[in-house]
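# What the coordinates show
Next come the chains, spelled out residue by residue.
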Amino acid sequence: MDLHHLKYFVVLSEELHFGRAAQRLHMAQPPLSQRIKDLEKELGVQLFHRRRTGVELSEAGALLLEHARGVLDHVAMAQESMRRIRPGASGILQVAVPPDTNPVALSTMVSFFSSLAPDVLLNLHELTTVEQVERLRDGELDVAVVRHPLSSVGFESGALYSRALGVVLNAAHPLASSEAVRLGDLAGSPLIIFPRHMAPTLYDSFLHTCRDAGYLPAAIVHARNQHFTHGLIMAGRGVHFNEEPWTPLPSGIVWRPLVGDPLAWRTSALWLKSRRSAETDAFVAAVGAGLEAGGHG
């Protein structure tokens, strides 16, 4: 049974007039009349009683109407579900960024995406690398903004943007007066760093780079929140690596570049190939604009 014929039948059942039904369906009356005859022939029953002033549902037509509306409703629900599988088609794009994303970069991403896809709502999530990858694989995210290195098997990635990291020190630290700090000169200083479970590959890469440069931390202190991190530095509990601050640091701590830029945030957009769409492409472009605005080269 042709679903179009079923739709024509339901509309005619509601209008009980070929002319009004044809107008509602944006078609001429003769083709509509023929489609109804075709449906009656296929089913072997008369669905309508033709009258001079219109039509009336037959007993068979009334029975079919009960089933037809349910069939069309379920088809519409199925079509809507399929549309929601394609990112952005439902009007919402689910994306995630790292917890410490530069505010200028984030603001630029949002505004740039809005200019490219004004009818799509950007639903932003603040997630760690591990959380982002898990949700991408589970289909809960369309695009993620991730830090490299990471295991990206099965994903597609946008252009890689790099932002050199410096070191945040207590103002009383012996190296605080230096214009730039050699990574190896931090030897003996405790290191304040994000917990390994947030981004294991990136965490290990940082520690390997420190070790290769001669910096073996006296202790490792884990911190997620920027205020907590700054409080630890002010208390003399360690040093911390981060990009150049976009706002003044609290009194008592300073930021200094690292000689040779041995550490960096290397950031890109990441998505599953199966979920790529015009909307995901628009956000990938917005990520590039945001990271450039935030100082990533």
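Residues numbered from 1 in each chain as written. Predicted model: local features only at pLDDT ≥ 70, side-chain atom pairs only at ≥ 80, totals over all residues. Heavy atoms only, no water.

### Some details on the pairing of strand β5 (residues 143–148)
Taken residue by residue, a regular strand's side chains alternate between the two faces of the sheet. Among the 6 residues in β5, 6 count as buried, and that is most of the element. Residues V143, V145 and R147 line one face of β5 and the alternating positions A144, V146 and H148 line the opposite face, and both faces are buried. Note that strand β3 (residues 92–97) and β5 share 2 bridges and pair parallel. Within β5, the position partnered with V95 by the bridge is V143. (Buried < 20%, exposed > 50% of the residue type's maximum accessible area, 1.4 Å probe, protein only. Helix = DSSP H or I, 4+ residues; strand = E, 2+ residues; numbered from the N terminus. Pairing = 2+ DSSP bridges.)

### With respect to the sheet that holds strand β12 (residues 253–257)
Read across the sheet, 5 strands follow the order β10-β9-β11-β8-β12 without closing on themselves; strand pairing throughout is mixed. The two strands at the open ends of the sheet, each matched to only one other strand, are β10 (220–222) and β12. If you compare each strand with its neighbour and ignore which way they point, the axes differ by 30 degrees on average. Pairing between strand β8 (residues 166–170) and β12: 5 bridges, direction antiparallel. Within β12, the position partnered with V167 by the bridge is R256. (Axes fitted to C-alpha atoms, helices over the stretch in contact; angles between N-to-C directions.)

### A word on the UniProt feature "domain: HTH lysR-type" (unreviewed entry) in the chain
Look at the UniProt record and you will see "domain: HTH lysR-type" (unreviewed entry) annotated at residues 1–58. The distance separating the terminal C-alpha atoms of residues 1–58 is 19 Å; by composition the span is 60% helix and 14% strand. (UniProt positions renumbered as here; feature names shortened; annotations may be inferred.)

### Focus: the nonpolar core
V167, L169, L183, L186, F194, Y215 and F241 are the most contacted members of the largest nonpolar core, which has 24 residues in total. Mapped onto this core, the elements with two or more residues apiece are β8, β9 (191–193), α7 (200–212) and β11 (239–242). With 4 residues, α7 is the largest single contributor of residues to this core. Those residues within four positions of F194 in sequence are excluded, and the remaining contacts are A199, L202, Y203, H222, A223 and W265. If you look at the next biggest cluster of nonpolar residues, it comprises 20 residues, including F113, V143, A269 and F283. (Core = buried A, V, L, I, M, F, W, Y, C linked by side-chain atoms within 4.5 Å. Contact = heavy atoms within 4.5 Å.)

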